[in-house]
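Results of the structural survey
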Amino acid sequence: MISAATQRLLDFLSDKDSYPHQPPQVTLVQTHASWVFIAPPFVYKIKKPVSLGFLDFSTLELRHADCKREVVLNRRLAEDVYLGIEPICEHEGRLHFGGYGEVVEWMVKMRQMDPRYFLLQMMQTEEVGSREMDRIVDKLQRFYATQPPLPVEEVRTANEHLRQCTEDNFTAAAQFVGQSLSQQALDGIAHYTREFFNKESALLESRLHEGWIRDCHGDLHLDHIHLSPEAVRIYDCIEFNTDFRCIDVACDIAFLAMDLDFNGRPDLARYLVERFAVLLDDPGMRALMDFYKCYRACVRGKVESLHANAETVAESEKESSLQLARRYFQLALRYAVAGGRPCVFVFMGKVASGKSALAEALGKETGWAVHSSDRLRKSLAGTPLNHRGSEEERAALYAPAMTQKTYERLFEQAVTALRDGHCVILDATFSKREHRDALKELTAAEGCDVRWIEAHASEAVVCERLRERDQDAAVVSDARLEDYKRLSAGYEPPEELPPEEKLTLLADGKLDRVFSVLLHHLVVW
């Protein structure tokens, strides 16, 4: 619960008549760690009296010291924005700005920036392209050049600290399972992260000796970049935890690349990373990027989840933060499963093998589109999805010409997604080699990979699933128990697919358990 003294302070700062410069209005914005009061032409920020493990603002002295650090550090990239710190004092029972009396709180005072030029706002209202990215790269490249590499003896434990940070993220995220992510997604992301640390320990260690650990910004997402016509300003760096800020330059850049992905611009994310890799002469950055972007997406998912659970946040804002948290955790899982490149995931197999349930589960957890041949076939024929027609109708619906048309449209949808920079999930039996070969040819032309997941189930389980379909009006597939032997006989096993491209999965058990096994394999593929 908020104390009476804190509520009194918030009420004071929310009142426009409290301010000496008499702003026309005051708008309150809050994060998990601060309250921000926009009082044009200034912005005032106070720290919440909280201790969250990774930050400690629990005393006035700690908040005062943090305010001073915030101004000094942020003047590196936004010199004319951070004006200084001011106290709020109390005298004879009344609060006022500065001057005399007992100091009850400290504030960071900033100049308000034109909201039109925040990068996130610009991406929503106008075209943002390579020119804007070049301005950001130029600003940050010069900044990194002024930050000397930290001595190896000072950063010797940087990778262990990074590992601990990822584990702390997973511990924090565990309390939000069922709200902003599933247990399967959390386990998958954690497994990917731990495997990366184990497999790439030499690469991570080399970063310490090559001088890539520097005093960076630490929180480079779109809302912290202001691109006015006259200047690039990058504000609100991490000041409360030195270890979060003194990091690999690649990790700093990954935050911005991740947020570009999050906001639907993977093209700009790739451009940004390539420009930095070339201009900083750092080819090793590319091999680290997916790992760091996964880590950064988890951080944002955790932060938004914490914000959604804060006491003073309105219900509508809580739900908005939860939605953002879910999307960030989805993005983290996408990096773990596929990295930063578009890819096709094919869920194939015999009738009632469990492929469709697994495809839908992966689509739900990642946000990737799922294209089902069953749904597409009926859509092309103008048949209601849940309608199982007569024997004659089914014969026409599943005729070779209609099957060919269905797969051709399925391929078109896959190529469209790939060209937009997205992964895509295809759910179809792919029982004929000719269709598998056709897909491989198309994706090769696009420069993308295909990952084949062939689902299997025991005959007893398959027969039980087919019997249950008679009682489920929502089933789209027309296959029933009487079709099992005929359809199985027409299935051509994908023996031509090399082992490195295909995963064979037993899908007999409960979906949650089988899906966990699937993710375990996908994140180390």
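Preceding this section is the structure that the text describes.
Notes on the structure follow.

1. Topic: the pairing of strand E2 (residues 34-39)
It is a general feature of regular strands that their side chains alternate between the two faces of the sheet. Taking burial as the measure, the 6 residues of E2 include 5 buried ones, the bulk of the element. Counting the residues between successive antiparallel strands, the hairpin from strand E1 (residues 27-30) to E2 contains 3 residues. As paired elements, E2 and strand E3 (residues 42-47) share 6 bridges and run antiparallel to each other. Residue pairing across strands places Ser-34 opposite Lys-47, the latter belonging to E3. Counting the residues between successive antiparallel strands, the hairpin from E2 to E3 contains 2 residues.

2. Points about the sheet that holds strand E11 (residues 343-349)
Spatial strand order, E12-E13-E11-E14-E15: 5 strands in an open sheet with parallel pairing. This sheet does not close on itself; its edge strands, each paired only once, are strand E12 (369-372) and strand E15 (502-506). For this sheet the average axis-to-axis angle between neighbouring strands, irrespective of direction, equals 20°. By the bridge criterion, 4 bridges tie E12 to strand E13 (residues 424-427) in an arrangement that is parallel. Bridge pairing links Ser-372 to Asp-427 in E13. Where helix H15 (residues 373-381) meets the sheet, its contacts fall on E12 and E13, and the angle it forms with E12 comes to roughly 65°.

3. Remarks on unusual backbone geometry
Pro-40 connects to Pro-41 through a cis peptide bond whose omega is 5°. By the element assignment, Pro-41 lies in the loop between E2 and E3. Backbone geometry at Glu-92 places phi at a positive 55°, although glycine is not the residue there. For Glu-92, the position within the fold is in the loop between strand E4 (82-91) and strand E5 (94-97). The class of Glu-92 is exposed, set by a relative accessible area of 74%. Although it is not a glycine, Phe-430 sits at a positive phi angle of roughly 45°. Within the fold, Phe-430 resides in the loop between E13 and helix H18 (433-446). Using a relative accessible area of 0% as the deciding quantity, one classes Phe-430 as buried.

4. Notes on the pairing of E3
Most of E3 sits inside the fold, with 6 of its 6 residues counted as buried. Alternating residues of E3 divide into Phe-42, Tyr-44 and Ile-46 and Val-43, Lys-45 and Lys-47, and every residue in both groups is buried. For E3 and strand E6 (residues 102-111), the ladder comprises 4 bridges, and the chain directions are antiparallel. Bridge pairing links Lys-45 to Val-108 in E6.

5. Considering the sheet that holds E1
Strand order in the open sheet made by the 6 strands is E1-E2-E3-E6-E4-E5, with antiparallel pairing throughout. Looking at which strands have only one partner, the edges of the open sheet turn out to be E1 and E5. Pairwise comparison of adjacent strand axes, ignoring direction, gives a mean angle of 25° for this sheet. Strands E3, E4 and E6 of the sheet are contacted by helix H2 (residues 60-74), whose axis makes an angle of about 20° with E6.

6. Quick look at the pattern of salt bridges
What the rule picks out here adds up to 36 salt bridges. With its nearest N and O atoms 3.0 Å apart, the salt bridge here joins Glu-304 to Arg-300. Of this pair, Glu-304 and Arg-300 both sit in helix H12 (residues 284-308), 4 residues apart, which is roughly one turn of the helix. Of the two residues, Glu-304 and Arg-300, neither departs from the other in class, the shared state being buried. Each member of the salt-bridge network shares a partner with another, and the members are Lys-45, Lys-47, Asp-66, Arg-69, Glu-70, Asp-236 and Glu-239.

About the criteria used
- Residues numbered from 1 in each chain as written.
- Predicted model: local features only at pLDDT ≥ 70, side-chain atom pairs only at ≥ 80, totals over all residues.
- Heavy atoms only, no water.
- Buried < 20%, exposed > 50% of the residue type's maximum accessible area, 1.4 Å probe, protein only.
- Helix = DSSP H or I, 4+ residues; strand = E, 2+ residues; numbered from the N terminus.
- Pairing = 2+ DSSP bridges.
- Axes fitted to C-alpha atoms, helices over the stretch in contact; angles between N-to-C directions.
- Contact = heavy atoms within 4.5 Å.
- Salt bridge = Lys/Arg side-chain N within 4 Å of Asp/Glu carboxyl O.

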